[in-house]
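# Per-entry structural report
So the chains spell out like this:
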Amino acid sequence: MGRLQHFFSWFKSQGAPIDEDDARVLRLEFQSRYHQFKLLLNANNQALEIMTELEQAMTGNVPFGMKFIRSRTMGVYTRVYQIVKHLHALAPGKYKALSDRLEAIRLSLESMLITQRPVETTGPLILPFSILDKTFADQAGMKMASIGEIANRLNVRVPDGFVVTAKAFRLFLEQNDLKTEIQRRIQSAEEEGHHQLYTTSADIRRLIQDAPLPQDLEAAIMAAYQELASRRNREPNMAVRSSALNEDREGASFAGLYHSALNVSRDHLADTYKQIVAAAYSPAVMAYRFSRGLADEDTEMCVGVMEMVDAVSGGVLYSANPMNIRDRSVIINSAWGLPKAVVDGTTATDLFQVTKSPALSITHRNIAAKEKKYVCYPGEGVCRLDDTGQEMKRASLTDRQALDLAALAVKIEDYYGCPQDIEWAIDQSGEIILLQCRPLQVNSDAPAPLPPSGDHDDRPPVLFQGGITASPGVASGPVYRVMKDVDTLQFPDGAVLVTDRALARWAALLPRASAVVSEKGGLTGHLANVAREFRVPALFGAAGVIDRLSGQGQITVDADDCRIYPGQVRSLLDISDRPPPRNLMEGTPVFELLEKASELIIPLNLLDPDSPGFKASNCRTLHDITRFCHEKSVHEMFRFGKAHRFPERSSKQLRAQIPMQWWVLNLDDGFRTDVSMERYVDIDNITSMPMLALWAGITAFPWEGPPPVDGKGFVSVMFQATQNQALLPTVRTTMANRNYFMISKNYCSLQSRLGFHFCITEALVGDRTTENYVSFQFKGGAADFNRRLRRVRFVKEILDFHGFRTEVTKDALRARIEQYDAEIMVAKLKILGYLTIHTRQLDMIMANPAMVERYRVQIQKQIDAILAVSHAPVG
Amino acid sequence: MTPMKLLLVDDETDFLNTLLKRMQRRNVDVQGVGSGESALAWLATHATDVVILDVRMPGMDGIETLREIKKKFPLTEVIMLTGHASMEVAIEGMEMGAFDYLMKPMDMDELLYKAEDAFKKKMIHEGKIRQMAEQLR
């Protein structure tokens with residue numbers, strides 16, 4: 001790059017004849033920088049996505065192993081490495097400190113990942129339920145670790161049993177070299193498309209079932225069974241259930257997709273184990289994984305083997321209403337016989353609803369005619385019976401049992417701190433036995449089908465509903481709208497930050513905000529990340545929310561439920577005072593490692609890009625580096641027009657109806673057809689979206705000519721003109737009246753020197769909203785400094801009003817606006833195009849308040865007219 | 001712009017063949033070879049823009065192959081592919097000038113986007129070199 005710059009200066013010294021070479025260098029330079037910039041933004045987005053994944057893992061509600069930590073750490077590091085590389089390419093030598101910071105973080109991360117190799121290669125093949133608790137989640141899978149935790153910490157009765165661990169799974173797949181074979185087949189299934197899924201799935205499952213179990217493993221399974229049999233004084237049949245390591249991952253629940261085998265006899269345990277492992281490759285699971293983009297490698301099947309309960313009745317209960325996150329009553333579905341009838345949904349079931357407060361009581365009871373039931377065959381397997389007796393219409397639970405089940409639900413929910421989905425059975429002696437348990441997936445979009453439980457009658461009608469939970473929780477505060485920087489100055493402590501875009505720079509307000517509501521934005525942005533870090537509830541992607549909240553004072557934001565209410569809703573705020581959900585992975589070696597690694601990755605310390613602390617040497621985490629590079633890359637990218645000389649002779653003159661000269665240089669794909677042999681280019685031949693928008697603003701209204709100047713203003717101009725020859729209209733220099741566009745399809749840089757002032761506009765506008773950017777600089781004038789200053793402030797006020805972020809230094813104005821969709825950016829560019837023309841020489845009248853007011857009104861009126869035209873429906 | 005010429009290098013024949021088939025179906029100009037050695041032999045006689053290179057191969061492994069490619073054909077862009085996550089190898093590869101590093105199994109579209117980005121980089125780079133050469137004449 002240094003050499004290239006050398007060439008630049010060398011060309012320049014040669015003068016006009018190599019102007020075309022200049023243009024070619026410039027085009028290449030532009031394409032190169034633009035490409036670097038795009039690559040940087042891609043890497044930036046990927047890095048943020050991985051950070052969000054890590055952060056979700058940190059809540060500990062999802063089991064994961066070393067593989068997860070290694071691959072994500074590597075993923076995020078390599079993305080940030082690339083980000084830094086691209087920034088170095090955009091601004092060679094300027095941000096050297098970044099490399100040192102990145103290297104320091106890498107060394108710490110590496111030493112962590114190398115020195116600690118927990119659980120991966122060690123650990124037993126079998127874990128008995130009696131020693132199981134949550135700390136075994138990475139060996140036993142979430143489902144089984146949960147059962148162990150409940151049995152051993154809460155003294156809830158569960159069947160006797162054991163887990164065949166993740167280590168056993170790996171041993172099985174490695175011993176038979178199954179893994180490579182499976183990978184191959186999956187790759188080819190992806191290639192062939194979904195119609196091939198069934199054959200591939202069948203092939204893989206046959207492979208697994210035909211492979212012999214490693215001898216150690218089979219022996220270990222049988223030994224564990226014999227121990228259990230001697231404890232029970234008989235040889236019971238067993239239920240065999242999957243407990244995959246990535247099962248129940250938030251938003252990617254495999255609920256019901258994996259397999260359970262019921263009432264399996266001793267002789268078939270080994271085969272059944274393989275059958276359950278094979279179910280990880282059923283067509284449904286494979287299709288699900290493809291559609292969710294889950295890597296097959298992330299799946300490790302642990303298998304629970306537990307004594308079969310010969311149930312009198314059984315079913316599923318939810319410790320809260322799954323269709324309505326704020327309805328806290330317990331919902332119990334029950335049927336005669338095994339819970340399978342309820343789980344599979346093959347028969348009508350009894351429904352009990354139990355309210356939790358003030359005391360447990362049944363509020364709703366719906367007894368169905370249960371025509372089918374499942375029972376155990378004496379030998380092996382289960383059978384479905386048609387139930388026609390009197391039993392069919394009787395309640396499958398007594399009220400006492402329903403209340404006991406509800407009490408159990410409350411106990412487990414309180415322990416875990418979040419609603420639970422529990423499978424249970426009642427055995428021949430009438431005792432409740434817990435079979436499975438996992439966090440409840442609540443559907444917050446669905447309307448509540450059940451009558452309200454009466455838990456929270458103070459909820460007023462909803463003000464707004466929709467969007468996504470970017471950070472959980474409930475909070476209340478006054479509405480405060482933040483659309484531009486100047487709004488942040490008066491942000492009151494404890495207010496709800498309401499904005500249209502989830503911009504990173506609002507992060508500085510989060511420590512003082514009670515909640516954040518944004519029209520745009522998702523889970524993976526900087527702002528969402530920081531909101532979670534500060535535990536500020538955040539509702540993003542809430543389209544239309546600004547209008548809905550206008551004129552509102554105090555509101556309550558229920559981010560969990562994606563709803564906003566007027567006033568303070570006490571009952572909701574009380575809910576949010578509950579302790580946060582228990583962290584299931586806490587205490588495991590892998591979790592501790594994740595915590596340590598995350599400290600170097602996730603926290604964002606560089607919150608405010610305008611503060612003096614926002615510099616490379618202060619980057620302490622990969623997130624800091626990402627944020628810093630993003631901010632600086634924008635800055636570097638949009639200095640292009642300013643930093644490069646315009647090669648006049650290679651540009652085309654724009655055929656325009658207005659009496660000014662406009663020159664256009666095509667940097668890449670800015671022209672529809674090739675005009676290299678011509679002198680002129682027509683506006684119809686321009687494809688550049690930002691240039692066309694500017695042009696629409698430039699040509700919207702004819703310029704009225706210079707304002708009528710009072711005596712003092714004229715004297716001021718004359719005085720300045722004697723100081724600077726270029727200001728005199730009669731002294732024509734090449735620069736004085738020419739305006740230069742440099743364009744590609746999505747990019748435009750406009751330098752204009754109209755009369756006495758000078759503007760630079762740079763814009764990138766396209767389909768990728770997050771890359772959209774407009775910057776505007778305005779400087780100069782013919783009048784004295786004071787009047788120029790007043791004009792700059794006059795323009796600043798107009799731009800502030802239209803949502804630009806502005807900054808004035810001396811008599812220069814800088815304004816920028818970013819990350820709006822193309823339609824809005826086009827409107828903003830029209831305003832800039834208009835202002836470029838119509839603020840000409842306004843500095844002269846700045847000492848005359850009446851004139852200033854007249855122009856202010858006129859400018860506002862004309863801008864409104866331009867925007868009204870652009871918003872009118874087409875045709 | 002001339003169309004992009006790709007070379008896939010992987011010892012896993014099934015994987016290689018399916019990838020080739022999928023890319024050819026999208027009219028990508030692509031060839032495949034099964035080892036680092038044959039990749040270098042191919043490059044010596046065929047103009048190639050982007051190489052997609054498996055890291056773990058018998059004989060010359062991916063890193064060695066990358067080093068040789070960068071030495072003999074410095075303008076050719078290389079995307080590394082790997083079945084397992086290793087930060088050391090990723091960094092080594094990128095410091096030796098690999099364009100990017102992807103984990104298997106990867107998304108086909110993602111791989112093609114990466115290849116296109118790498119190709120664009122190569123085009124720009126070559127343009128600059130041509131420019132300099134002309135100026136120096």
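This structure is a prediction, so every number in the text was calculated from the model and none was measured. (Residues numbered from 1 in each chain as written. Chains lettered and ligands numbered in written order. Predicted model: local features only at pLDDT ≥ 70, side-chain atom pairs only at ≥ 80, totals over all residues. Heavy atoms only, no water.)

### Some details on the overall build of chain B
- Each helix and strand in chain B was counted, giving five helices and five strands.
- Secondary structure of chain B in N-to-C order comes out as β-α-β-α-β-α-β-α-β-α.
- The burial tally for chain B puts 55% of its 137 residues in the buried class.
- Pairs at least 24 residues apart make up 62% of the contacts formed inside chain B by residues separated by at least 6 positions.
- Summed over all atoms, the accessible surface of chain B reaches about 6,100 Å², with 52% contributed by carbon and sulfur. (Helix = DSSP H or I, 4+ residues; strand = E, 2+ residues; numbered from the N terminus. Buried < 20%, exposed > 50% of the residue type's maximum accessible area, 1.4 Å probe, protein only. Contact = heavy atoms within 4.5 Å. Areas by Shrake-Rupley, 256 points an atom, 1.4 Å probe, with all protein chains shown as cover.)

### Observations concerning the confidence of the model for chain B
All names here are of chain B.
- Here chain B averages 87 in pLDDT, and 95% of its residues register 70 or above.
- Across chain B, strand β1 (residues 5–9) holds the top mean pLDDT of 96, while helix α4 (residues 87–95) sits lowest at 81.
- For this predicted complex, the interface confidence reaches an ipTM of 0.80, while the overall pTM sits at 0.60. (pLDDT = per-residue confidence, 0-100.)

### Side note on the packing of aromatic side chains
Residues and elements named next belong to chain A.
- In this structure the tally under the stated criterion is 13 aromatic pairs over all chains.
- Ring centres of Phe-30 and Tyr-747 lie 4.7 Å apart, and the angle between their planes is 45°; this geometry places the pair in the tilted category. Of this pair, Phe-30 sits in helix α2 (residues 19–58) while Tyr-747 sits in strand β26 (residues 747–754); the two residues are 717 residues apart in sequence, bridging distant segments of the chain. An identical accessibility class is assigned to Phe-30 and Tyr-747; each is buried.
- Arranged with centres 6.3 Å apart and planes meeting at 70°, the rings of Trp-695 and Phe-741 form a pair that is edge-to-face. On the criterion of sequence distance, the pair formed by Trp-695 in helix α21 (residues 689–699) and Phe-741 in strand β25 (residues 738–743) is long-range, its members being 46 residues apart. One exposure class covers both Trp-695 and Phe-741, and it is buried. (Phe/Tyr/Trp six-rings, centres within 6.5 Å; stacked < 30°, edge-to-face > 60°.)

### Re the pattern of salt bridges
- This structure, assessed with the given rule, holds 44 salt bridges over all chains.
- With a shortest N-O distance of 3.2 Å, Glu68(B) and Lys72(B) are connected by a salt bridge. Taken together, the positions of Glu68(B) and Lys72(B), both in helix α3 (residues 62–72) and four residues apart, correspond to about one turn of that helix.
- On the basis of relative accessibility, which here comes to 18%, the residue Glu68(B) falls in the buried class.
- A salt bridge links Asp100(B) to Lys114(B); its shortest N-O distance comes to 3.3 Å. Of this pair, Asp100(B) sits in strand β5 (residues 100–103) while Lys114(B) sits in helix α5 (residues 108–136), placing them 14 residues apart in sequence.
- Residue Asp100(B) is classed as buried on the basis of its relative accessible area of 2%.
- Given a relative accessible area of 9%, Lys114(B) falls into the buried group.
- Among the ionic contacts, a cluster of salt bridges with common partners joins Arg627(A), Glu631(A), Arg805(A), Arg816(A) and Glu818(A). (Salt bridge = Lys/Arg side-chain N within 4 Å of Asp/Glu carboxyl O.)

### As for the nonpolar core
- Counting 62 residues, the largest nonpolar core has Ile69(A), Leu98(A), Leu622(A) and Ile625(A) as the members making the most contacts within it.
- For this core, the secondary-structure elements that each account for two or more residues are α2, α3 (66–90), α4 (97–115), α18 (589–599) and α19 (622–637) of chain A together with α4 of chain B.
- Here this core takes 14 residues from α2(A), the largest share from any one element.
- When residues of this core are assigned to domains, at least three map to each of domain 1 (21–119 + 590–637) and domain 5 (641–871) of chain A.
- Apart from the residues within four sequence positions on either side, Leu98(A) is in contact with Val84(A), Leu87(A), His88(A), Ala616(A), Cys619(A), Ile625(A), Phe628(A) and Cys629(A).
- Formed by 54 residues, the second largest nonpolar core is a distinct cluster that contains Met691(A), Leu813(A), Met846(A) and Met851(A). (Core = buried A, V, L, I, M, F, W, Y, C linked by side-chain atoms within 4.5 Å. Domains from an automatic or database assignment.)

### Remarks on the packing of α21(A) against helix α24 (residues 822–838) of chain A
Residues and elements named next belong to chain A.
- At a minimum axis distance of 6 Å, the contact between α21 and α24 shows a crossing angle of 45°. Judged by the angle between their axes, α21 and α24 are oblique. α21 and α24 meet at a crossing whose hand is right-handed. For the pair α21 and α24, contact is made by Met-689, Pro-690, Ala-693, Leu-694, Ala-696, Gly-697 and Ile-698 and by Ala-822, Val-826, Leu-829, Lys-830, Leu-832, Gly-833, Tyr-834 and Ile-837, respectively.
- Grouping the constituent residues of the contact of α21 with α24 by class yields twelve nonpolar, two polar and one charged. (Axes fitted to C-alpha atoms, helices over the stretch in contact; angles between N-to-C directions. Parallel < 35°, antiparallel > 145°, perpendicular 65-115°, else oblique. Left-handed = near helix turned anticlockwise from the far one by under 90°. Nonpolar A, V, L, I, M, F, W, Y, C, P; charged D, E, K, R; others polar.)

### What to know about the environment of Tyr415(A)
- Among the structural elements, Tyr415(A) can be located in helix α13 (residues 399–416).
- Separated by 265 residues in the primary sequence, Tyr415(A) and Ile150(A) have C-alpha atoms spaced 8.9 Å apart.

### As for the side chain of Thr165(A)
- With respect to the helices and strands, the residue Thr165(A) is situated in the loop between β2 (161–164) and α6 (166–175).
- Contact partners of Thr165(A), with chain neighbours within four places excluded, come to Pro124(A), Leu125(A), Ile126(A), Leu127(A), Gln139(A), Met301(A) and Cys302(A).

### A closer look at the packing of helix α1 (residues 13–25) of chain B against α5(B)
All names here are of chain B.
- Running from N to C, α1 and α5 cross one another at 70°; their axes reach a closest spacing of 12 Å. The angle between α1 and α5 falls in the class roughly perpendicular. Residue-level inspection shows Leu-19, Arg-22 and Met-23 of α1 in contact with α5, the latter providing Met-108, Leu-111 and Leu-112.
- In the contact of α1 with α5, the residues fall into five nonpolar, no polar and one charged.

### Digging into the confidence of the model for chain A
All names here are of chain A.
- For chain A, per-residue confidence averages 81 on the pLDDT scale, and residues scoring 70 or more make up 83% of the total.
- For chain A, per-element mean pLDDT is lowest for helix α1 (residues 2–14), which scores 42, and highest for β2, which scores 96.
- Taken as a whole, residues 1–17 scores under 50 in pLDDT and shows 20 contacts with residues more than four places along the chain or in a different chain.
- Counting interchain partners and residues more than four positions distant, the pLDDT-below-50 stretch residues 721–736 has 14 contacts.

### Structural notes on helix α15 (residues 526–533) of chain A
Residues and elements named next belong to chain A.
- Counted residue by residue, α15 has seven buried out of eight residues, so it is predominantly covered.
- By the burial criterion, the buried members of α15 are His-526, Leu-527, Ala-528, Asn-529, Val-530, Ala-531 and Arg-532.
- At the exit of α15 stands Arg-535, carrying a positive phi of roughly 55°.

### Comments concerning the pairing of strand β29 (residues 805–809) of chain A
Residue and element names in this part refer to chain A.
- Pairing of β29 with strand β30 (residues 812–818) involves five bridges; the strand directions are antiparallel. By the bridge assignment, Thr-809 is partnered in β30 with Ala-812.
- Taken together, β29 and the strand that follows it, β30, pair antiparallel across an intervening segment of two residues, in which Lys-810 is found at a positive phi of about 50°. (Pairing = 2+ DSSP bridges.)

### Some thoughts on the environment of Leu154(A)
Residues and elements named next belong to chain A.
- Structurally, the position occupied by Leu-154 is in helix α5 (residues 137–154).
- Sequence spacing of Leu-154 and Ile-412 is 258 residues, and the spatial spacing of their C-alpha atoms is 7.9 Å.
- Sequence-distant contacts of Leu-154, that is, excluding residues within four places in its chain, are made with Glu-149, Lys-411, Ile-412 and Tyr-415.

### Some points on the sheet that holds strand β13 (residues 432–439) of chain A
Residue and element names in this part refer to chain A.
- Taken together, the six strands give an open sheet; going across it, the order is β9-β8-β7-β6-β12-β13, and neighbouring strands pair in antiparallel fashion. Of all strands in the sheet, those with a lone pairing partner are β9 (361–366) and β13, marking the two edges. Direction aside, neighbouring strands of the sheet carry axes that sit 20° apart on average.

### Quick look at the sheet that holds strand β4 (residues 77–82) of chain B
All names here are of chain B.
- Reading across the sheet, the five strands line up as β2-β1-β3-β4-β5 and stay open at both edges, with parallel pairing between neighbours. Each end of this open sheet is capped by a strand with a single partner; those strands are β2 (29–33) and β5. Between one strand and the next, the sheet's axes are offset by a mean angle of 20°, whatever the strand orientation.
- Examined bridge by bridge, β1 and β2 share five bridges and lie parallel to one another.

### Here we look at a negative patch on the surface
- Judged by side-chain charge, Glu586(A), Glu592(A), Glu595(A) and Glu599(A) come together as a negatively charged surface patch.
- Along the chain, Glu592(A) falls in helix α18. (Patch = residues over 30% accessible without salt bridge, like charges linked within 9 Å, V, L, I, M, F, W, Y side chains within 5 Å. Lys, Arg positive; Asp, Glu negative; His and termini not counted. Charge placed at Lys NZ, Arg CZ, Asp CG, Glu CD.)

### Overview of unusual backbone geometry
Residue and element names in this part refer to chain A.
- Its identity is not glycine, yet Asn-263 carries a phi of approximately 55°, on the positive side.
- Along the chain, the position of Asn-263 falls in strand β4 (residues 260–264).
- If you check the backbone angles, Cys-562 has positive phi at about 55° while not being a glycine.
- Considering the arrangement of structural elements, one finds Cys-562 in the loop between β20 (554–558) and β21 (563–566).
- For Cys-562, a relative accessible area of 5% puts it in the buried group.

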